[in-house]
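Chain residues, written in single-letter form:
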Amino acid sequence: EDCRRENAKPLMYSQFCYYIQQDQQRRHATMHIPRTPGQQIEVDWAGDTATVIDRDTSKKAKAYVFVAAMTYSTYAYAEAFPNMKTPSWIKANVDMLEYIGGVPKMIVPDNTSTAVVHKGFNQDKEINHTYQEFAEHYNTAIIPTRVRKPKDKPVAEGTVSRASTWLIAALRNEQFFSFDALNQRIREKLNEYNNRPFTAKEGCRAELFRNEELPLLAPLPATPYELASWTKVKVQFNYHITLGYMHYSVPYELIGKEVDVRVTDSTIEIFYNQERVASHKRLHGRKGQYSTIQEHMPEKHQHYQEWNGERFRNWARQIGTCTAKVTDAILKSKPVEEQTYLACRSFLKLSDIYSPAMLEEACGKALQFSQKPSYKTVKDILAAMRERESRVANDTSTTPEPINPYAVTRGAGYYGGDSHAE
């Protein structure tokens, strides 16, 4: 319309699009950003999935592939998992660092919920608590990308695309009946990918990584990070806490205090006022096991003298000889006497629930079967005795009164005997 008003020749549609395209190219110029060796690694989940077949049901399950790549050398890592939840995400990151043999300064993830706590589109992002704990363990930083900005991690995006071709698509005609078998095959293809020569320059990803990046990575910690859970527990009077039917010692000064416990598959760490006061190897197997550190035990129990073996023996002797024998057997049932105090207390408290006489009788019966009866054995005998007494009492209450054989006999008053006597 402007051209017509000015008597000028207007542009045709094709020429108009040409000038628009030229303008857009000038506005969207890109800049090459130099990458620093060993600076960062980019991580993401691949969009495509692999398949694992259940041997028993023949059902197919999806396998989600975690992909990572060093920004400078594009040295890659991949591993398959049954889901994309936090345990899988953390294990993937741990295995990734073990594979590359060091720790870069930064890890750049996507805005997945396993890495970032979402507070709103424009608000500052907060790192997931578990992921942040993982980063502190390896002394690295988590720098998530901006929302919907794939160019913030172009190496990972490109590696994801190539992983779909090199790993997932290449294995689509093979059958896998376990994740171990699938990951073993992925590792073989991954080694091929990292050792494949570059097309536009000399060398390969593995060579470039080994020569220029690996020497700049921070060393791995002595132990890998383990996914942990937290709980609060009260310290018992025998200076142990109970967790999963297992007992772990803490310094006796914390008796009666509430402590925080960090639980992993291999360790139990106990904290009080944010300070670690004890650490144990986690117990597995038979319930009721004890892990006791000698330094946690008081020298003379001066603050808690009432809870000792002699007090339990005196208490048992007041009830009876058989009760004393059973108490002594319980006290000697563990390598450390303090480990039996809880059982002794529960055992002697049975005299309050039932009676001292019943407890003594039950102990006598238990000793007829074993010289070292347990608390549970005596408790079962007491329960049986109480049930028998209750049954006998019920039978007595329903028995009819005896019949008077002389109930039809009339007294002297009926015949006027009283007036006759007058």
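In this text the structure is predicted, and so the values were computed from the model without any measurement.

Basis of the calculations
Residues numbered from 1 in each chain as written. Predicted model: local features only at pLDDT ≥ 70, side-chain atom pairs only at ≥ 80, totals over all residues. Heavy atoms only, no water. Phe/Tyr/Trp six-rings, centres within 6.5 Å; stacked < 30°, edge-to-face > 60°. Helix = DSSP H or I, 4+ residues; strand = E, 2+ residues; numbered from the N terminus. Buried < 20%, exposed > 50% of the residue type's maximum accessible area, 1.4 Å probe, protein only. Core = buried A, V, L, I, M, F, W, Y, C linked by side-chain atoms within 4.5 Å. Contact = heavy atoms within 4.5 Å. Salt bridge = Lys/Arg side-chain N within 4 Å of Asp/Glu carboxyl O.

Some points on the packing of aromatic side chains
Moving on, step 1. With the rule as written, the count across this model stands at 14 aromatic pairs.
Moving on, step 2. Seen from their ring centres, Trp45 and Phe81 are 6.2 Å apart, and the 90 degrees between their planes marks the pair as edge-to-face. Of this pair, Trp45 sits in strand E1 (residues 40–53) while Phe81 sits in strand E3 (residues 76–81), placing them 36 residues apart in sequence. With respect to class, Trp45 is no different from Phe81; both count as buried.
Moving on, step 3. When the ring of Trp89 is compared with that of Tyr131, the centres are 5.7 Å apart and the planes differ by 65 degrees; the resulting orientation is edge-to-face. Taken together, the residues Trp89 in helix H3 (residues 86–100) and Tyr131 in helix H4 (residues 129–138) connect sequence positions 42 residues apart.
Moving on, step 4. On the basis of relative accessible area, Trp89 is assigned to the buried category, the value being 1%.
Moving on, step 5. Looking at Tyr131, the relative accessible area reads 0%, which means it is buried.
Moving on, step 6. Clustering of aromatic rings is evident, with ring pairs tying together Trp45, Phe66, Phe81, Trp89, Tyr131, Phe134, Tyr138 and Tyr225.

Let's talk about the nonpolar core
Moving on, step 1. Ranked by internal contacts, the top residues of the largest apolar core, which has 47 residues, are Phe66, Met96, Ile100, Tyr131, Phe134 and Leu182.
Moving on, step 2. Every element with two or more residues in this core is listed here: E1, strand E2 (60–70), E3, H3, H4, helix H5 (154–169), helix H6 (179–194) and helix H7 (205–213).
Moving on, step 3. For Ile100, the residues in contact, after removing those within four places along its chain, are Ile41, Met70, Tyr75, Phe209, Leu214 and Leu217.
Moving on, step 4. With 30 residues, the next largest nonpolar core counts Met297, Leu331, Met358 and Cys363 among its residues.

With respect to the pattern of salt bridges
Moving on, step 1. Evaluated as defined, the whole model comprises 17 salt bridges.
Moving on, step 2. In this structure, Asp2 engages Arg5 in a salt bridge whose closest nitrogen and oxygen atoms are separated by 2.1 Å. Of the two residues, Asp2 and Arg5 are both situated in helix H1 (residues 2–5); the distance of three residues between them amounts to about one turn of the helix.
Moving on, step 3. For Asp2, a relative accessible area of 48% translates into the label partly exposed.
Moving on, step 4. Salt-bridge contacts for Arg317 lead to Glu310; the nearest nitrogen and oxygen are separated by 3.2 Å.
Moving on, step 5. Judged by its relative accessible area of 43%, Glu310 falls in the partly exposed class.
Moving on, step 6. What emerges from the salt-bridge pattern is a single network uniting Glu133, Arg262, Glu269 and Arg276.

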